[in-house]
Amino acid sequence: MSATVDPAASEPAAGGAESRRQVLYWRLLARLFDPEEQATLESASVAIVGDLGLPAALLDPAVSVDTVVQRFPQLEAEFDGLMAEDSTATGDREGEVRRAALVSKLLLNVFATGSGNVTAEQLQRWQSDAGWFERSMGCRPGQLRGRAAGSDSAGLGGVLAGIEGDLVSRMRLREVLADNRLAKQLTPSMSLIEQLLRDKDNLDGVALANAKALIRRFVDEVAEVLRTQVAQAGTGTIDRSVPPKRVFRNLDLDRTIWKNLPNWSPEDERLYVDRLYYRQTAKRIEPARLIVVVDQSGSMVDAMVNCTILASIFAGLPKVDVHLVAYDTRALDLTPWVHDPFEVLLHTHLGGGTDGTVALDLARPKITDPRNTVVVWISDFYEWREQAVWDGMQAIHRAGVKFIPVGSVSSGGHQSVNPWFRQRFKDQGTPVLSGHIKKLVTELKNFLV
């Protein structure tokens, strides 16, 4: 990329704020699309940053945001929420130039990742810079990349996850895992976990131990988030067929007063109550069966990780009988390990084609009480034998099973669903659930609890 700039812009004190702001952004674009320095833009930017009283390190992509903040602590507050709001509406022209310099630092460090091999240190530095970028957007570090709910920023989160995945794929992961010092520098992410799960059969000794430690750490982090979401989700509907228990804690005081208002005595200035009203609190008492079927083909690693953890959380609830089935062209019953998502992931084999008929053959015998069973089927539904799979799913639904098709369960809510299946699910009255995991949590808790 080539850029032309007015030489006068190299004199920031003489140029207007808008011109200096444009120089900084032109320099950013030049760096993003052409790593070679543009001499005029670089010298002009150095002068502008110096005039603002900002450190020259903001212009060096080799210096992490962490390092900048450590050396200049006063900048931490400026990075936080930097891009969450449009500060150009303030009318502070000098402030806009300063903001441009800080924004350029974040964008350059996060989106200009170069090419060639990546070291563990470089991955760790990028993850840290990406965390600062997320903070500038008003999010928690890791939120946009899918560790926590962030559906409003799902598109940007997907871009960040893609960059992170590319960095992980360019890293000599086996060599890094074989070195305890380097392995400790790795921060677990969905991209890294995907690579570990794909390569786990080729690891042994120290490398395998470090891989397992990273997977366990990631599972624990995601589980903590999902447990919170399960706890916050609404519970199941009240069973109106069961009379309310007449105890004080269930007394509905507001309704009691309202219903007895005709008994108000103006002379006595008293409300005479001839009937008490109680809240109904009875919930499902019979065990519910949850059958989770997960497509473990290569494109569904995010769903595999989230679903195994979610299944283990529901398996820990009373009166819930959880079964877990994973499939590609073969089906695997992972129910014996459903309480331990770490073990489930170690038993999976990501990749291959997709044939839902083998999952149907394994799931159908588990349906013993259709009216008290929910089947959650997570897939992109790009099936090898579409009609046969659809016929099997339709038969399960007609038997009285609550059937929930889910496009994916990535925390960011991304999903890509075969249109052929999407339309048939809609016509059947079981539309594909959005991939956002919070919605799945709520659906399941309403049915199971």
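So, a few notes on the structure that sits alongside this text. Computed from a predicted model, the values in this text were never measured in an experiment. (Residues numbered from 1 in each chain as written. Predicted model: local features only at pLDDT ≥ 70, side-chain atom pairs only at ≥ 80, totals over all residues. Heavy atoms only, no water.)

1. What about the nonpolar core?
Reasoning step 1: Phe79, Leu177, Leu186, Leu196, Ile215, Val376 and Leu444 are the most contacted members of the largest nonpolar core, which totals 92 residues.
Reasoning step 2: In terms of residue count, the dominant contributor to this core is helix H14 (residues 301–315) (9 residues).
Reasoning step 3: In this structure, Leu444 is in contact with Leu290, Leu310, Phe314, Val374, Val376 and Ile404, ignoring residues within four places of it in sequence. (Core = buried A, V, L, I, M, F, W, Y, C linked by side-chain atoms within 4.5 Å. Buried < 20%, exposed > 50% of the residue type's maximum accessible area, 1.4 Å probe, protein only. Helix = DSSP H or I, 4+ residues; strand = E, 2+ residues; numbered from the N terminus. Contact = heavy atoms within 4.5 Å.)

2. Focus: the packing of aromatic side chains
Reasoning step 1: What the rule picks out here adds up to 10 aromatic pairs.
Reasoning step 2: Here Trp377 and Phe403 contribute two aromatic rings whose centre-to-centre distance is 6.4 Å and whose plane-to-plane angle is 35°, an arrangement assigned as tilted. Separated by 26 residues along the polypeptide, Trp377 in strand E6 (residues 373–378) and Phe403 in strand E7 (residues 402–406) bring together distant segments of the chain.
Reasoning step 3: Trp377 sits in the buried class, given a relative accessible area of 0%.
Reasoning step 4: A relative accessible area of 4% means that Phe403 is categorised as buried.
Reasoning step 5: Look at Phe403 and Phe425: their rings are 6.0 Å apart centre to centre, the planes differ by 25°, and that puts the pair in the stacked class. Pair noted here: Phe403 is in strand E7 and Phe425 is in helix H18 (residues 419–428), with a separation of 22 residues, a long-range link. Residues Phe403 and Phe425 agree in their burial class; the two are buried. (Phe/Tyr/Trp six-rings, centres within 6.5 Å; stacked < 30°, edge-to-face > 60°.)

3. Examining the packing of helix H5 (residues 93–111) against helix H6 (residues 120–136)
Reasoning step 1: Running from N to C, H5 and H6 point in directions that differ by 140°, and their axes come no closer than 9 Å. The angle between H5 and H6 falls in the class oblique. Regarding H5 and H6, the two cross each other, and that crossing is left-handed. Residues Leu106, Leu107, Asn109, Val110 and Phe111 of H5 form the contact with H6, whose participating residues are Trp126, Asp129, Ala130, Trp132, Phe133 and Ser136.
Reasoning step 2: Class assignment for the residues of the contact of H5 with H6 results in 8 nonpolar, 2 polar and 1 charged. (Axes fitted to C-alpha atoms, helices over the stretch in contact; angles between N-to-C directions. Parallel < 35°, antiparallel > 145°, perpendicular 65-115°, else oblique. Left-handed = near helix turned anticlockwise from the far one by under 90°. Nonpolar A, V, L, I, M, F, W, Y, C, P; charged D, E, K, R; others polar.)

Limitation: the analysis is restricted to geometry and does not speak to function.
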